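# Structural overview
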Amino acid sequence: MMHPEQIEQLILAGMACEHLTIEGDGQHFQAVVVSREFEGKNRVQRQQRVYQTLQEKLDSGELHALSFKTLTPEEWSAQHG
Amino acid sequence: MSDDIQQRIHATVTGNPVVLYMKGTPQFPQCGFSATAVQILKASGVASFASVNVLDDPEIRQGIKDYANWPTIPQLYIRGEFVGGCDIMREMYQAGELQKLLEGIIEA
């Protein structure tokens, strides 16, 4: 059982984010990650980057069900302009 | 990481045009994300595809995570290439990209 705040802290500790929201009920989580690091990276590479920050919790099985949206700041502002 | 397992996975993903590594089977998925992945594939027009139930084999379950450097299941492979997990499949389907990628192997 994890809290959304724990996941948020792990991601923020592992990479630079312009924007991050995580919603979840302890079992299933939805994350929106906006980062400059995603520029020039495809979807798989972006998600691999976020997974890196959560590796320990994924390996232990504590974290299992996490959905992502991964956006660059430009993509993010285009969606929320 | 076992080389033998990695070779088995490589043979499976290159030997079938479309392969879904999932929890459960297309008929009886054992996880919501795997169920969604099956639905997206079917909605993309694929009549049949190869699937591997990772719950049947702990070595494959771990091995497939190492193979694609991807820590979660499901995982979709098309023409031997790792495409992504459930979120990426959904995004690609909504953008029409997945259907395009599957063109020509619909009858697989």
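Now for a description of the structure that goes with this document. Quantities reported herein were computed from a predicted structural model and do not represent experimental measurements. (Residues numbered from 1 in each chain as written. Chains lettered and ligands numbered in written order. Predicted model: local features only at pLDDT ≥ 70, side-chain atom pairs only at ≥ 80, totals over all residues. Heavy atoms only, no water.)

Quick look at unusual backbone geometry now. Leaving glycine aside, a negative phi is the common case for residues, and trans is the common case for peptide bonds. Residue and element names in this part refer to chain B. Omega for the peptide link from Ile73 to Pro74 comes to 10°, which places this bond in the cis form. In this structure, Pro74 sits in the loop between helix H3 (58-67) and strand S3 (75-78). Positive phi is not limited to glycine here, since Asn69 has a value of about 50°. As for its position among the elements, Asn69 is in the loop between H3 and S3. (Helix = DSSP H or I, 4+ residues; strand = E, 2+ residues; numbered from the N terminus.)

Interfaces are frequently sized by the accessible area removed from exposure as the parts join. Counting residues at the interface gives 16 residues for chain B and 13 residues for chain A. Carbon and sulfur atoms supply 53% of the area buried between chain B and chain A, which totals about 1,300 Å² over both sides. When the buried area of chain B at its contact with chain A is split by residue, B:Phe33, B:Pro71 and B:Asp87 rank highest and sum to 37% of it. The residue B:Glu91 makes a salt bridge to A:Arg43 at a minimum N-O spacing of 3.0 Å. On the surface where chain B and chain A come into contact, there are 7 residue pairs in polar contact (both at pLDDT 80 or more). Those elements that provide at least two residues to the side of chain B that touches chain A are strand S4 (81-84) and helix H4 (86-94) of chain B. With 4 residues, the top contributor of residues to the side of chain B that touches chain A is H4(B). Among the residues making up the side of chain B that touches chain A, the classes are represented as 9 nonpolar, 3 polar and 4 charged. (Contact = heavy atoms within 4.5 Å. Buried area = accessible area lost by both parts, 1.4 Å probe. Salt bridge = Lys/Arg side-chain N within 4 Å of Asp/Glu carboxyl O. Polar contact = N/O pair within 3.5 Å; in protein donor to acceptor, adjacent residues only side chain to side chain. Nonpolar A, V, L, I, M, F, W, Y, C, P; charged D, E, K, R; others polar.)

That's the geometry; what it means functionally is another story.
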